[in-house]
Every structure is written in structure tokens, then in C-alpha cells.
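Structural overview for review
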Amino acid sequence: MPQNHTHSHAHSHAHGHAHHQAHAHAHQHDHQDLADILDLDAEVLHDHLTEVMAWVHEQTGDVATVLDLGAGTGAGTLALARRFPGATVTAVDVSPQMLQHLRHKANAAGLADRVRTVEADLDGAGSTGADGTKAAAADLVWAANSLHHLADPVASLARIRGAIRPGGHLVAFEMDAFPRFLPGDELETRCHEAVTAMRAGDMPHLGADWGPLLRAAGFTVQAQRRFEIDLEPPLPEATGRYAQTSLRRLRQGLEGKLSPEDLTALEALAEVVPTRPDLTVRARRTAWIATP
């Protein structure tokens, strides 16, 4: 994936992990696939995101303006709007399709009056939209699974620091690796090893410790917390579709990187995974809260 295209990572997401597994900005139908997986991620990991937001609120107190960088389909945007009911939330993403999807969701949730969108590439214009407008300086900047896409994280973080009001906070929220669905499954393990090898070149900061990078950009890191996701049955209704969509996108992204036998087996696994009795969701994400 070209590094000048900074994509969203909703919860993640993962909510975010689909971005890494195919060229998300290639085609309209792929935008739809990606929007679907981000929405599934938000649905399956709803309780997790609620827990994260409660912790953020505890650390920052109430705020009036929030900036969501790499907002994707808006799982974080809407969770922020709900957790901070007095705040205006500006969602920034490089994809106009994602932002349109996000506006529909905000409208359906009755939050449209407090959510605005800005189309921008985090590597380039920062928070300047296509129409030249700038996102206002924010009390709280939220970046979920978007920072590891940055070509030059320290330079971009330094620009982001300039968009935070004195006394404000940045929350960097990153996944350590992609979610796992089948404990002890050797095929899934091989797939994850192949993805890790691919990403070492084009996304070297995936799974990084963001503390030193934040400090290098002039931030003071005030808190860090690891969130373990370990969902066992009974699982949210959307979990089967989440696992299936994730494995299908994994299959697309690993074309030519796995043996033909493994690719065929992965295709077959994606078909049956929703009915697997051992289906779980395991992932780890880490949050850093920093002040400019």
C-alpha cells in the first residue's frame, strides 16, 4: 500500500485490520467491503470500545472539541460523541466514501448536529480538508489504528501536536496484531506470520511502542494501558460474519504469499468459520494518552 495514503483504523480496526490486507482504496466495491468489516468490528467489539472510552474520559475529563484522525466508518467518532455529549467531533479520513458512510451513521444515531467530516490525508495536509477548511484546534485528538500508516510518524505527530489546544490530549490507540479467531489453528498462525513478514516492509510501525515516537514529536506521555480482547461464546451475533469477512480479506491479501494448498484451505476455512464451535475473538490493543 503506498504510504502516502493514510487510511483509517477504526476498531478498529480493526476495525481496523482490513486496511492492511488489501488495497482498500482501489475500487468502490472494496470500499464497501472495508466499510462492512469496520462496521462489524465496531459491533462485535462494542463493549471493548465502551471500556476504552470510559478510561479516556477518566483521564481527560470533559472536552468541547474532538478530532478523530483516520476515522474510517466512524466507530470511534460515534463512541466519542456519546462519551463526550457536550463535544463537537470532527472526523478526518482520506476516503470520501468512508466519510459519506460515517455521515449516514451519525444521522441515524441522532448525532449529525455534533459530527462534521474533513477529507484529508494524515501524511500530507494534516487536518486541512479538500475545500481548504481547517479542522479547529481540538481539546482531544483520537487516532485509532491510523498512526502505523504514517510514512514519517514523528513529523506527522509533531504536526498533530500543533492541532491540540494547551491542556488538551492525544489518544493513540493501536493494535498489536490482527485479531485471531481459532485458538491453536496452525493455518491461521501461518497466515499471521505471512502478514507480519509483509508488513515489516510497508508498515514498520504496526505493533510499535508509540511512547518513544510520541516523546520524539514533543509530547509528554501521561498514561498507557493495554486492552486484552478475549471474547468467548456466547458471542455477539455479528461475530461469525466478522471472522468470515476478515479471513476472506486475509486470503486476498496473501495471494502469492502462501502455498496454493494453504490459500485453498484458507478459502474453505472462511466458508465454515461462522459455524465453528471453537470460534473466539482474541486481540490486544494499547492506548497512549499524551499532552502537547
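This is a predicted model, so every value here is computed, not measured.

Rules of the game
Residues numbered from 1 in each chain as written. Predicted model: local features only at pLDDT ≥ 70, side-chain atom pairs only at ≥ 80, totals over all residues. Heavy atoms only, no water. Helix = DSSP H or I, 4+ residues; strand = E, 2+ residues; numbered from the N terminus. Buried < 20%, exposed > 50% of the residue type's maximum accessible area, 1.4 Å probe, protein only. Areas by Shrake-Rupley, 256 points an atom, 1.4 Å probe, with all protein chains shown as cover. Salt bridge = Lys/Arg side-chain N within 4 Å of Asp/Glu carboxyl O. Core = buried A, V, L, I, M, F, W, Y, C linked by side-chain atoms within 4.5 Å. Contact = heavy atoms within 4.5 Å.

It is worth spelling out the overall build of the protein at this point. Looking only at helices and strands, the protein features 10 helices and eight strands. Counting only residues that meet the buried cut, the protein has 56% of its 292 residues in that class. Within the structure as shown, the protein displays about 11,700 Å² of accessible surface, and the carbon and sulfur contribution to it stands at 51%.

Now for the pattern of salt bridges. Throughout the structure, instances matching the rule amount to 16 salt bridges. Across the pair R225 and E51 runs a salt bridge whose closest N-O atoms are separated by 2.9 Å. Pair noted here: R225 is in strand 7 (residues 220–231) and E51 is in helix 3 (residues 46–60), with a separation of 174 residues, a long-range link. Overall, the relative accessible area of 30% leaves R225 in the partly exposed class. In this structure, R241 engages E237 in a salt bridge whose closest nitrogen and oxygen atoms are separated by 3.2 Å. For E237, a relative accessible area of 63% puts it in the exposed group. Connected through shared salt-bridge partners, D176, R226, E228 and R284 make up one network.

Moving on: unusual backbone geometry. P234 follows P233 through a cis peptide bond whose omega is 0°. Along the chain, P234 falls in the loop between strand 7 and helix 9 (239–253). The backbone of N145 sits at a positive phi, close to 55°, despite the residue not being glycine. Structurally, N145 can be placed in the loop between strand 5 (138–144) and helix 6 (153–161).

Moving on, we come to the nonpolar core. Within the largest apolar cluster, 33 residues are counted, with the highest numbers of intra-cluster contacts made by Y242 and L254. The element that contributes the greatest number of residues to this core is helix 2 (residues 28–44), accounting for six residues. Among all residues touching L254, those that are not within four sequence positions of it are C191, A194, V195, M198 and L263. In terms of nonpolar packing, the next biggest core, distinct from the first, is built from 31 residues, V66, L102, W142 and I289 among them.

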